[in-house]
Amino acid sequence: MKLLIKLPWIHSSTTNQYLTTFAVNILSITHGCAIGWSSPMIPYLKSEDTHLKSGPINATEASWIGSAITLGALVNIFIIGKVADFIGKKKCLILLCLPNLAFYIITYIASNVNHLYVARAVAGFTGGGLLRIVPLFIGEIAESHVRGKLGAYFPLGMNFGIFLMYVLGTYLDYHTISFVMVPFVILYAALMMFLPDTPQFLIRKHRDEDAFESLKFYRNCNKGNTQNVDMIKKELESLQKNVLNHHKAEIKLKDFTEKASIRGLLIGVFLMAIAPFSGNMTILSYTADIFKSSGSSLGANESSIVIGCIQFIGIYIASLFVDKFGRKILMSISCLGSGLSLLLIASYSYVTSVHEFSTSLGWIPIVSLSLTILLNSIGISSLPFMIVTELVPQKIRETSVTILMACMTCFVFTNLKVYPPLVEIIDLYGCMFFYAGFCIVVSIVTIFIMPETKGKNLFQNT
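Bear in mind that the values here come from a model prediction, so they are computed numbers and not experimental data.

1. Comments concerning the overall build of the protein
For the protein, the helix and strand inventory stands at 19 helices and zero strands. Burial analysis of the protein (462 residues in total) assigns 53% to the buried set. By element, 66% of the accessible surface of the protein is carried by carbon and sulfur atoms, the whole surface being about 19,700 Å².

2. Quick word on the nonpolar core
The biggest cluster of nonpolar side chains holds 82 residues, and the ones touching the most others in it are L93, L271, M331 and L342. Looking at which element gives the most residues to this core, the answer is helix 19 (residues 397-448), with 16 residues. Not counting residues up to four positions away in its chain, the partners in contact with L342 are S278, I283, T372, M432, Y435, A436 and C439.

3. Topic: the pattern of salt bridges
Side chains that carry opposite charge are capable of pairing whenever their charged atoms lie near each other. All told, the structure shown has three salt bridges when counted by the stated rule. The residue K89 makes a salt bridge to E140 at a minimum N-O spacing of 3.3 Å. You can see K89 sitting in helix 4 (residues 89-95) and its partner E140 sitting in helix 6 (residues 113-141), a full 51 residues away along the chain. Assessed through its relative accessible area of 12%, E140 is described here as buried. A salt bridge links D210 to R207; the nearest nitrogen and oxygen atoms lie 3.0 Å apart. Its relative accessible area of 39% is what places R207 among the partly exposed residues.

4. Observations regarding the packing of aromatic side chains
By the definition in use, this model includes 16 aromatic pairs. Residues F277 and F438 carry aromatic rings whose centres are separated by 6.3 Å and whose planes lie at 65° to one another, so their mutual orientation is edge-to-face. Placement of the pair is F277 in helix 12 (residues 259-277) and F438 in helix 19, with a sequence separation of 161 residues. Grouping residues by exposure puts F277 and F438 together as buried.

5. Observations regarding helix 12
Counted at 1.5 Å a residue, the expected span for helix 12 with its 19 residues is 27 Å, and the 27 Å between its end C-alpha atoms agrees. Backbone geometry just after helix 12 places G279 at a positive phi near 100°.

6. Points about unusual backbone geometry
Backbone geometry places H206, a non-glycine residue, at a positive phi of 60°. Within the secondary structure layout, H206 lies in the loop between helix 9 (199-204) and helix 10 (208-218). In this model, D427 sits at a positive phi of 70°, which is unusual for a non-glycine residue. Here D427 shows up in helix 19.

7. Side note on the environment of V269
Inspection of the secondary structure assignment puts V269 in helix 12. Taking the C-alpha atoms as reference, V269 lies 7.7 Å from M408; in sequence the two are 139 residues apart. Not counting residues within four places of it along the chain, the set of residues in contact with V269 comprises L404 and F411.

8. A few points about a nonpolar patch on the surface
A cluster of nonpolar residues, I313, Y316, I317, L320, F321, F325, I329 and I333, forms a patch on the protein surface that exposes about 660 Å² of accessible area. Of all the secondary structure elements, the ones that give two or more residues to the nonpolar patch are helix 15 (300-325) and helix 16 (327-354). With six residues, the single largest contributor to the nonpolar patch is helix 15. Among the structural elements, I317 can be located in helix 15.

9. Side note on the packing of helix 16 against helix 17 (residues 363-377)
Packing of helix 16 against helix 17 brings their axes to within 8 Å, and their N-to-C directions diverge by 160°. The orientation of helix 16 relative to helix 17 falls into the category roughly antiparallel. Viewed along their axes, helix 16 and helix 17 form a crossing whose handedness is left-handed. Here S334, G337, S338, S341, L342, L344, I345 and Y348 of helix 16 come into contact with helix 17, specifically with I364, P365, S368, L369, L371, T372, L375 and N376. Class assignment for the residues of the contact of helix 16 with helix 17 results in nine nonpolar, seven polar and no charged.

10. Examining the side chain of T14
Mapping T14 onto the fold places it in the segment before helix 1 (15-36). Aside from chain neighbours lying at most four places away, what touches T14 is E143, H145, V146 and N220.

11. Thoughts on the environment of A73
Tracing the sequence through the fold places A73 in helix 3 (residues 59-87). In the structure, A73 is positioned 51 residues away from G124 in sequence and 4.3 Å away in space, judged by C-alpha atoms. Beyond its immediate stretch of four places on either side in the chain, A73 contacts G124, F125, G128 and T409.

12. Quick word on the packing of helix 1 against helix 7 (residues 144-171)
Pairs of packed helices are described in terms of their axes, by the angle between the two and the distance that separates them. In contact at an axis separation of 6 Å, helix 1 and helix 7 are set at 35° when each is read in the N-to-C sense. The hand of the helix 1/helix 7 crossing is right-handed. When its residues are assigned to classes, the contact of helix 1 with helix 7 shows 15 nonpolar, nine polar and one charged.

What counts, and at which threshold
- Residues numbered from 1 in each chain as written.
- Predicted model: local features only at pLDDT ≥ 70, side-chain atom pairs only at ≥ 80, totals over all residues.
- Heavy atoms only, no water.
- Helix = DSSP H or I, 4+ residues; strand = E, 2+ residues; numbered from the N terminus.
- Buried < 20%, exposed > 50% of the residue type's maximum accessible area, 1.4 Å probe, protein only.
- Areas by Shrake-Rupley, 256 points an atom, 1.4 Å probe, with all protein chains shown as cover.
- Core = buried A, V, L, I, M, F, W, Y, C linked by side-chain atoms within 4.5 Å.
- Contact = heavy atoms within 4.5 Å.
- Salt bridge = Lys/Arg side-chain N within 4 Å of Asp/Glu carboxyl O.
- Phe/Tyr/Trp six-rings, centres within 6.5 Å; stacked < 30°, edge-to-face > 60°.
- Expected span 1.5 Å × (residues − 1).
- Patch = residues over 30% accessible without salt bridge, like charges linked within 9 Å, V, L, I, M, F, W, Y side chains within 5 Å.
- Axes fitted to C-alpha atoms, helices over the stretch in contact; angles between N-to-C directions.
- Parallel < 35°, antiparallel > 145°, perpendicular 65-115°, else oblique.
- Left-handed = near helix turned anticlockwise from the far one by under 90°.
- Nonpolar A, V, L, I, M, F, W, Y, C, P; charged D, E, K, R; others polar.

As C-alpha cells, this is what we get:
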C-alpha cells in the first residue's frame, strides 16, 4: 500500500493514519453488529415464529444469550496480548475476523439455543481482542496531536455497528442478516493485508528497515522530500531508544507499586467501571423494557433505533472535540450531564409509580434517556480506553491494559446479569437513582483527581 492517498479534509502527514484507522474499524463495526444482534433477535427467538427446533427461548436462556458475549471476551483478553507480542498487532487484528465470521455462520445454521450460546461466546472472542489490541495499535501508529481523535473512532465504530444492527434487525429477517454482514468481514481482512505492522513491534523484532518503511507509510513520507525523510529518521531513532529500553527492562512486582503505577491502575479500574455502572450498558441492552417500564409509549424497535442513533452521534461529537478540549473536560461534562439526566428519569419513574400522570408527559422518558445516552457517549463510552493507554506508565502498560480490560468485562457481565432481578426488587427508579448517583460521584472524581492526558507522549510516565 505504497500509494499515498490524499484527502482534502485530512492533513497530508496523517492521511494514512486516518485510512488505517478506518480500515481497522470495519471490524469494530461488524463486532458492534454482533453486540447489538441480541436486541432485535431475542424477541424473535422468544416468539412462536422462532426457527429453533428447541422452540421459543425463556427469560433465563435470553439472559445467557445476552451476557455470553462477555465470557468469550474475558478469555481472549488474556490470550491476545501474548499472541501480539509474538506475531504483531496487525496479524492479530486479521485473525480476529475469524471468530467474527464464525459468529454469523453459527447463528445462521443454529437450530437450538446451545448453538447461540456458542455463537455469542465466539463473538466475544473478537471483542476481547479488539478491546486489547485496537487502542494499542492506534496509539502506536498515531501522532500525539491526532491520537485522541483516532482513538475515539474505535468506540464510534462499535456503536455505529450496534445502531446498524438495530436497523437491520427491524427490516431484515433472521437469516438475511448473516448474508449482509459476511462480505464486510471479508473486506476488512483484505484491506488489513496491505497495511504494515506498527514501527514499535518491528523495532522490537530488530527489523529496523521494515520499521523505517512503516513509519514512512504512517507519516505519509514522500521519498523525494529530503526534509521529511530526515524527520522520519529522527523519529525512528527516538522510537528505537524508547522501545528497546522498555523492552529490555524486566517487569517486576515493584514496578506496579510505584506511585505513578498505583495511581494509573486505580484510576484505570475506576474508568473501567464507569460505562457498566453509569447505566449505559443497561440502557443499550434493555432499551425496550426500560422505555416500557418508564411509561413511554415509544415502540421497542423505534426506541432501539433512536437510542442507537443518538449514541453514535454522541461518540462522533467526542471524536471531533477530544483533541481540542482534552479528555478531562469531556469526561466531566459526560458524567455530570448523564447523572442529572438519569436523576430526571428516576424522579419521573418514582412519581409515576405513586401518582397517575397524563400521557402528555410521556415525552419525559424519551428526552431524558436520549439525553443520557448522548452525554454518556461524548465521554463515558468513548474515552476510557484511550485514557488508560495514555495514563499507565509505558513499562507496565500492556500488562496493565490486560488487567483493566478484564476488570471491565467482569463489570459488564455482572451488571447485565444483576439488573433484571434488581429492577424487580428496587424498581426502575431505584436502579436509575443508583446510576445517577454513581455518575455524579464519578464527575467529582474526574474533576479533582483524574489527570489530563491530552498530547501526552506515550513513553513518558504519568
